[in-house]
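Summary of structural features
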Amino acid sequence: MEIKKNDTFTVQIEDMNEDGAGIGKLDGFIWFIKDAVCGDRVEAKAIKLKKTYGYARLMRILVPSENRVKPACPAARQCGGCQLQAMRYEAQLAFKERKVQNSLVRIGGLDGGVLPFELIIGMENPWRYRNKAQFPFGQGKDGGIIAGFYAGRTHTIIEQEDCLLGVEENQTILTLIREHMKKTGIRPYDEETHQGLIRHVLIRKGFRTGELMVCLVINGRSIPGAGELVDALRKLEGMTSISLNVNREKTNVIMGRELVNLWGPGCISDYIGRIRYRISPLSFYQVNPVQTEKLYALALEYAGLTGKETVWDLYCGIGTISLFLAERARFVYGVEIVPEAVKDARENARLNGIKNVEFFEGKAEEILPAQYEKNQIRADVIVVDPPRKGCDVACLDTILKMSPQRVVYVSCDPATLARDLRVLCDGGYEVKRVRCVDMFAWSVHVETIVLLSKGEVDSKKIRVEFSLEDMDMSEFQDGATYPQIKEYVLEHTGLKVSNLYISQIKRKCGIEVGKNYNLPKAEDSRQPQCPPEKEKAIREAFKYFGMI
Ligand code: SAH
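Residues numbered from 1 in each chain as written. Predicted model: local features only at pLDDT ≥ 70, side-chain atom pairs only at ≥ 80, totals over all residues. Heavy atoms only, no water.

1. Section: empty space enclosed by the protein
Gaps left between atoms show up when a probe the size of a water molecule is rolled over them. As a reminder, the rule being used: Here a cavity denotes grid points, spaced 1 Å and computed from the protein atoms alone, that fit a 1.4 Å probe unable to get out, and a pocket denotes an open set having protein on both sides within 12 Å along at least 5 of 7 lines; residues with an atom within 4 Å of a point are the lining. Grid points are joined across faces, edges and corners, and a volume is the space filled by probe spheres set on the points.
Summed over all chains, the structure comprises three cavities of 30 Å³ or more. Within this model, the largest cavity holds a volume of roughly 40 Å³. Lining the largest cavity are Met16, Gly20, Asp35, Ala36, Val37, Gln83, Leu84, Ala86 and Met87.

Here's what the structure looks like:
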């Protein structure tokens, strides 16, 4: 039976993709069905058909999976945040572990049979765990002001002020802000017209200190009746910092660079373990403090410190991991790109009386090589905790040259983790321990920590086979390797793309392609041209890997 658009059909969900969509197969054709859980038998409606795969909308659950639960949040299906709300928590943990394992094997080419996985660390209470929320403001259908979350992959705001992952104070704060807007006639920002003032409201809470921060992201430099708003917000227990963030750009980046302080010290503080951290609105701070403590304890354990070691903590944010490690190391150097975060990091060291640390402001891929060339720095242990795009090749290259005993890799993206582990393993390191920590219950995201140490490899062999200078790293410098792009495209669209097509689209996007890589041999040589459908898929992958 051939299924056409808008047809309804029945299918068994046999698997799930990394975005949490259910996967079902009918006559060799693959269906991706959002909100369906592995094990469900469902009725679905075809909404988009491609050659070998299609997308369908979940209409009815005929037989529920044993792992299906009723989503606790009424907005779960529309909202983009929780892709796994219909899945039992234990099943989510298994899903996440498998996702990481698949990446390490398929993208990193590591041997799945011997990967030293330790049991994922789940959450004791998977609700209200987030210490940070960013609510977009907009206009509802009836013209009223609404705050909430973006619907998955769109910029449509779903009205939802009490997200069950966030703290209860969020709703009270949003209500006060909405009331103030009504009273003073302040309009929410409209992306289409670039008019209106309030874009987002950032709320943070220190779980151990109870301190609250409110930062209004505005399309302007001040807000009418700021004093009154401050007075209203100040009354809330724990309120510590109220500020404005100026963002007048036509962009979907939430925060601008400039802060205007309205009330309080401009930051809040919180504890992880025994260490107190000062957190300002622009600094990165882990969103799940309870699990963060477990993650950092693990980082400390993996680092294997005795008190004699020189440690580098790359992508250090406000110095969270650095200060944790400093208590057990001889000296820790941190590197971070955001100036405010570096300021926080230095202040945090001072606040806690920790003297054996130093922080560098700049890109890890520039600071580390420069320090290595100029000052012949060395390291016993290097910890990296990069953003989703992973480590830059210049950074990995320098780590290999510095040759620390141990590398501890903390990652929030299994695909780029796998890519980087491949480089480190090719450079003579061995994966000794791997463990996932769930910091983001109900979503598909997962944190992974990996311990690498120098393998028992013949050093001559390393030099011959793994000199990075001799390798063609051009494709790598562009953000992701050809196999990674292929893997990503296949996983997300079911399409197979060739190196030739990838290099064609790279050129189109102005990304440098390795010398002579797939260049036509002669002007008149005829090469197959990448079809538009595949071009779109490749471009999506480039976007994912931060290449465009
Ligand atoms: N280790 C910290 C922060 C991890 S998040 C913690 O656990 O809290 C990643 C951090 O890397 C962010 O603070 C981000 O600002 C920083 N960053 C992003 N790109 C960077 C680069 N190229 N060099 C150094 N730091 C970078």
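On we go from here.
2. As for the side chain of Gln160
The line we're drawing: Elements are defined by DSSP. Helices are runs of H or I of four residues or more, strands are runs of E of two residues or more, and each kind is numbered from the N terminus. In what follows, a contact means two residues having at least one pair of non-hydrogen atoms within 4.5 Å.
When you line up the elements, Gln160 lands in the loop between strand E9 (157–159) and helix H2 (169–184). In contact with Gln160, not counting residues within four places along its chain, are Cys73, Pro74, Ala75, Phe135, Ala147, Gly148 and Phe149.

3. As for the sheet that holds strand E2 (residues 22–26)
The condition that has to hold: Pairs of strands are assigned from DSSP output, requiring at least two bridges between the strands. For helices, the axis comes from a line fit to the C-alpha atoms of the stretch in contact; other axes are also lines fit to C-alpha atoms, and the angle between any two N-to-C directions lies between 0 and 180 degrees.
Overall, mixed pairing links the five strands, which are arranged E1-E2-E3-E5-E4 in a closed barrel. The mean angle between the axes of side-by-side strands here comes to 50 degrees, regardless of whether they run parallel or antiparallel. In terms of strand pairing, strand E3 (residues 29–33) meets strand E5 (residues 53–63) through four bridges, oriented parallel. Note on E5: the bridge partner recorded for Trp31 is Gly54.

4. Thoughts on the domain arrangement of the protein
Rules: For the domains described, the bounds stem from an automatic or database domain assignment.
With domains assigned, the protein is organised as domain 1 (1–68), domain 2 (117–124 + 288–457), domain 3 (132–268) and domain 4 (468–544). For domain 1 versus domain 3, the distance between C-alpha centres works out to 38 Å.

5. Re the site of the ligand
Operational definition: Here a residue is near a molecule or strand as soon as one of its heavy atoms is found within 4 Å of it. Two N or O atoms count as a polar contact when they lie within 3.5 Å, although within protein this holds only if one can serve as hydrogen donor and the other as acceptor, and sequence-adjacent residues are included solely when both atoms are side-chain atoms. To measure how exposed things are, a 1.4 Å probe is used in the Shrake-Rupley method; for residues, cover is taken only from the protein chains shown. Lys, Arg, Asp and Glu make up the charged group, whereas Ala, Val, Leu, Ile, Met, Phe, Trp, Tyr, Cys and Pro make up the nonpolar group; the residues left over, Gly among them, are polar.
In the vicinity of the ligand, 17 residues are found, and the nearest of them are Tyr296, Thr320, Glu336, Ala364 and Asp385. Ala364 is positioned with one of its backbone polar atoms (N or O) 2.8 Å from a nitrogen atom of the ligand. Calculation on the ligand without its partners gives an accessible area of 570 Å², and the protein chains cover 91% of this total. Elements that contribute at least two residues to the shell around the ligand include exactly helix H5 (320–326) and helix H7 (364–375). Split by residue class, the shell around the ligand holds nine nonpolar, four polar and four charged.

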